[in-house]
Amino acid sequence: MITTEEKIERKRRAIEGRPLGPGSHTEHEGKTMTGAQAIIASLEAEGVDTIFGYPGGQAIKIYDALYDSKKIHHILARHEQAAVHEADGYARSTGKVGVVLVTSGPGATNTVTGIATAYMDSVPLVVITGQVTRGVIGTDSFQESDIVGITMPVVKHSYLLQSTDDLTRTFREAFYIASTGRPGPVLIDVPSDLSGAEMVFHYPDKISLPSYRPTYKGNAKQVREAARYIQQAKNPLIRAGGGIVTSHACVELTQLAERMCIPVVTTLMGKGAMRCSNPLNLGPVGMHGSKYANRAVTECDLLIAVGARFSDRVTGKVSEFAPHAKIIHVDIDPAEIGKIVPADVPIVGDARGVLAALNDQLAKIDAQPVGKEWFKEVCTWRERWPFYTADFADYPDKIAPEVVLEHLSQKLDPEASIVTTEVGQHQMWALQNIHREHARTFISSGGLGTMGFGFPAAIGAKIACPEDEVVCIAGDGSFQMNLQEMATAIVNNVPVKVLIIDNRALGMVHQWQHLFYHDRYSSTELAPVPDFVALAQAYGWQGARITHPDEIDDALDAMLASDGPYLLDVIIPTMQTVYPMVAPGAALDDIIGALDVTLGGVRITQKGFDDADAAASVRHVSDDDSDNFDDEVSDEEGGDE
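Residues numbered from 1 in each chain as written. Predicted model: local features only at pLDDT ≥ 70, side-chain atom pairs only at ≥ 80, totals over all residues. Heavy atoms only, no water.

Remarks on unusual backbone geometry
And then number 1: Note the cis peptide between Ala527 and Pro528, where omega equals 0°.
And then number 2: By the element assignment, Pro528 lies in the loop between α22 (507-516) and α23 (532-538).
And then number 3: For the bond running from Tyr579 to Pro580, omega is -5°, close enough to zero to count as cis.
And then number 4: For Pro580, the position within the fold is in the loop between β20 (566-571) and β21 (581-582).
And then number 5: Even without being glycine, Cys261 reaches a positive phi, approximately 55°.
And then number 6: With respect to the element layout, Cys261 can be found in the loop between α12 (250-260) and β10 (264-266).
And then number 7: Even without being a glycine, Asp519 presents a positive backbone phi close to 60°. (Helix = DSSP H or I, 4+ residues; strand = E, 2+ residues; numbered from the N terminus.)

Thoughts on the layout of surface pockets
And then number 1: The calculated volume of the second largest pocket comes to roughly 790 Å³.
And then number 2: Every residue lining the second largest pocket is counted, 34 residues in all, and those nearest its centre are Ile2, Thr4, Lys7, His438 and Ala439.
And then number 3: Taken together, the elements giving at least two residues each to the lining of the second largest pocket come down to α1 (4-15), α4 (80-94), α12 and β15 (417-421).
And then number 4: Here the lining of the second largest pocket takes four residues from α12, the largest share from any one element.
And then number 5: Looking at the lining of the second largest pocket, its residues break down into 14 nonpolar, eleven polar and nine charged. (1 Å grid on protein atoms, 1.4 Å probe; cavity = no way out; pocket = protein on both sides within 12 Å on 5 of 7 lines; lining within 4 Å. Points joined across faces, edges and corners; volume = space filled by probe spheres on them. Nonpolar A, V, L, I, M, F, W, Y, C, P; charged D, E, K, R; others polar.)

What about the sheet that holds strand β9 (residues 236-240)?
And then number 1: Spatially, the six strands line up as an open sheet ordered β11-β10-β9-β12-β13-β14, and their pairing is parallel. Unpaired on one side and paired on the other, β11 (281-284) and β14 (345-348) mark the two borders of the sheet. Across the sheet, the mean angle separating the axes of adjacent strands is 15° when strand polarity is ignored.
And then number 2: Packed on one face of the sheet, helix α10 (residues 220-232) meets β12 (302-306), β13 (326-331) and β14 and runs near 135° to β14. (Pairing = 2+ DSSP bridges. Axes fitted to C-alpha atoms, helices over the stretch in contact; angles between N-to-C directions. Contact = heavy atoms within 4.5 Å.)

Considerations on α4
And then number 1: Over its 15 residues, α4 extends 21 Å from the first C-alpha to the last, a length consistent with the 21 Å expected when each residue adds 1.5 Å.
And then number 2: Here α4 lies mainly inside the structure; 15 of its 15 residues are buried.
And then number 3: The first or second residue beyond α4 is Gly95, which carries a positive phi of 85°. (Expected span 1.5 Å × (residues − 1). Buried < 20%, exposed > 50% of the residue type's maximum accessible area, 1.4 Å probe, protein only.)

Some words on the packing of α12 against helix α15 (residues 351-364)
And then number 1: α15 packs onto α12 with a crossing angle of 30° between their chain directions and a minimal axis gap of 9 Å. By the angle between their directions, the pair α12 and α15 is classed as roughly parallel. Crossing hand, α12 versus α15: left-handed. Residue-level contacts link Glu252, Leu253, Gln255, Leu256, Arg259 and Met260 of α12 to Arg352, Leu355, Ala356, Leu358, Asn359, Leu362 and Ala363 of α15.
And then number 2: Classifying every residue of the contact of α12 with α15 by side-chain character gives eight nonpolar, two polar and three charged. (Parallel < 35°, antiparallel > 145°, perpendicular 65-115°, else oblique. Left-handed = near helix turned anticlockwise from the far one by under 90°.)

Some details on empty space enclosed by the protein
And then number 1: Within the structure shown, the criterion is met by one cavity of 30 Å³ or more.
And then number 2: Considered as a void within the structure, the largest cavity measures approximately 30 Å³ in volume.
And then number 3: What lines the largest cavity is Gln425, Gly507, His510, Gln511, His514, Thr574, Met575, Gln576 and Thr577.

Focus: the side chain of His288
And then number 1: Position of His288 among the secondary structure elements: in the loop between β11 and α13 (291-299).
And then number 2: You can call His288 buried: its relative accessible area is 4%.
And then number 3: Those residues in contact with His288 that lie beyond four places of it in its chain are Phe387, Met428, Gln432, Met508, Gln511, Val578, Pro580 and Met581.

Quick look at the pattern of salt bridges
And then number 1: For the structure on display, the rule yields 29 salt bridges.
And then number 2: A salt bridge links Arg172 to Glu46; the nearest nitrogen and oxygen atoms lie 2.6 Å apart. Placement of the pair is Arg172 in helix α8 (residues 167-179) and Glu46 in the loop between α2 (35-45) and β2 (50-54), with a sequence separation of 126 residues.
And then number 3: Connected through shared salt-bridge partners, Glu9, Arg12, Glu16 and Arg18 make up one network. (Salt bridge = Lys/Arg side-chain N within 4 Å of Asp/Glu carboxyl O.)

Quick notes on the state of the cysteines
And then number 1: Applying the stated criterion to the full structure yields zero disulfides.
And then number 2: The thiol sulfur of Cys261 is not disulfide-bonded, and the nearest other cysteine sulfur, from Cys379, lies at 8.4 Å.
And then number 3: Here Cys261 falls in the buried class, since its relative accessible area comes to 13%.
And then number 4: Here Cys276 stays unpaired: no disulfide links it, and the sulfur of Cys250, its closest cysteine neighbor, is 11 Å away. (Disulfide = S-S within 2.5 Å.)

Some points on the packing of aromatic side chains
And then number 1: Taken as a whole and assessed by the stated rule, the structure comprises eleven aromatic pairs.
And then number 2: Judged by centre distance (6.1 Å) and plane angle (20°), the rings of Phe201 and Tyr203 are stacked. Neither residue differs from the other here; Phe201 and Tyr203 are each classed as buried.
And then number 3: A ring pair is formed by Trp512 and Phe516, whose centres lie 6.1 Å apart and whose planes are at 85°; its orientation type is edge-to-face. Here Trp512 pairs with Phe516, and both are found in helix α22, just four residues apart, close to one helical turn. (Phe/Tyr/Trp six-rings, centres within 6.5 Å; stacked < 30°, edge-to-face > 60°.)

Examining the nonpolar core
And then number 1: Formed by 49 residues in total, the largest nonpolar core has its most connected members in Phe455, Phe479, Val496 and Trp541.
And then number 2: Among the elements that line this core, the one with the most residues is helix α19 (residues 454-464), at seven residues.
And then number 3: Among all residues touching Phe479, those that are not within four sequence positions of it are Phe455, Ala474, Met486, Val498, Ile500, Phe532 and Leu567.
And then number 4: With 40 residues, the next largest nonpolar core counts Val126, Leu194, Met199 and Tyr212 among its residues. (Core = buried A, V, L, I, M, F, W, Y, C linked by side-chain atoms within 4.5 Å.)

Things to note about the environment of Ser179
And then number 1: Note that Ser179 resides in helix α8.
And then number 2: Taking the C-alpha atoms as reference, Ser179 lies 9.9 Å from Gly98; in sequence the two are 81 residues apart.
And then number 3: Setting aside chain neighbours within four positions, we find Ser179 in contact with Ala14, Val97 and Pro124.
And then number 4: Within the structure, Ser179 has its side chain in polar contact with the backbone oxygen of Phe175 (distance 2.6 Å). (Polar contact = N/O pair within 3.5 Å; in protein donor to acceptor, adjacent residues only side chain to side chain.)

Here's the deal with helix α24 (residues 552-561)
Think of an α-helix as 3.6 residues a turn; residues three or four steps apart then line up on the same face.
And then number 1: Buried residues of α24: Ile552, Ala555, Leu556, Met559 and Leu560, and no others. Axial view of α24: buried residues confined to an arc of 125°, hence all on one face. In α24, the exposed positions that point more than 90 degrees away from the buried face belong to Asp554 and Ala561.
And then number 2: Summarising the contacts, the buried residues of α24 are in contact with α17 (401-411), β17 (469-475), β18 (497-502), β19 (542-546) and β20. (Arc of directions from axis to C-beta.)

Structure (structure tokens):
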């Protein structure tokens, strides 16, 4: 396992513009070679040990050079999109730069969704694409695509190589740009004739890009102003995002929260930024966040947002977001500050450095905890509105996804496990019920919401962290988007585990159709679905299916005990819904379906209720949906299930 200290040291080297590997100190330095060989030598100079890809005609020279490498292990994906997601999972789990190699035309265009996914979630990637020869670029030759132009909106930077003179410098710049500032993907397009051209290899150990100067150190005046705001607050709240994870600022975040007794809510990308076991951690906020976390945002008088965008899934109706709060916004990307929500104290800088400076300033002025009474109040909300309780069941004698994921969470070693998710209802259930104690142990597509991401990302994470248990939480719809990667896992001996929350539907859209479109289920019901267990076995995996709550524990134990890749198909009711929920366009405190234990564990639907009038505004979901569920059960009992 890579230690935090090693990650911080690697980040320091990246910021200084130095290679993350031996740089010029390799056996290749000063030798005459082809451009393709120089590409592989450049990757070795950057310390790359694993790349993910798919060969083709315009990348064949690069693959031929790769054949001779003793330092780089190539993972052959079964689809280029999956290759990018695998590199993404590798990068997210380690903090390293993920590397992808594909051919031109459709090989390149198949990477676009993966690149966009990484861009939205600030993941460092270097994507190398083959291209037709320089002389025919722009003539619509066979398997030509303008991949530089196509990906322009979803990369930090891109290059179309024109000369071997620029090759090594381009690779040094690409790794530098991808891994510094707000990380992201960089694309290098390599014409095939350039791959065959001869050159003398010299790898630069330093880089200078005057036009690219990320700001790491927060403005001292603004840091002092932020400290003053915190001192004056009565109901402060920290909103922790993925920038905490990227900058390795978990310790500094916890120090600030504990010193000032400030509760913390997390975004999807921020899960693991603070230990779930820390009582100050209120967990996820937003569309499927808890009622107590969302209410904390609504009632706070100071919101400290660190490394987090103000996306619509987290803010709800912007005009009613944190209506009583002053806003401190810390982010390394100046474009994010003030983009959605105006900041009273904007601080551009690296989260770790800014939080450390803020902690130092609070210590210097001997600031005392300001949130003790506020935190006590928030704790009463947390007790009143839990995500789920043991005595509540939407559908008795059917598997509740909350229960199976809670049991999985309890069985996983928080010190040696990684959970990835696909996108959909299961993603939100996992967010709510899988407990994580460390950063980079919960991997999910946030900004783009990419179905088909989680399974290949799990493969990449397992390759990067072979000693950790890696489990992908998938839906039956999203899993089918990249299920061919079962071959990648078995061929490369990657013992990843997949748990399918199987409702025979595109669950999240189906839920919206139920709630907001009068049960008009347009193209969201997937039944009949494949026999996933038989499919797994066809690929050489082990697999099992469960349909009853009594089977959960034994099935999870069998899955986790397996030495090889394993698929567990968990059958749940099609009508199962993810609650609580904020409807699209609604305010953050306008929550549907939160459990209220003070009312005997029923789901509540109204905004702004309190103890006095809550009883008049309740709905028990299982009663409301009983007719639909009875119909569904009848259908299922008549089938193969």
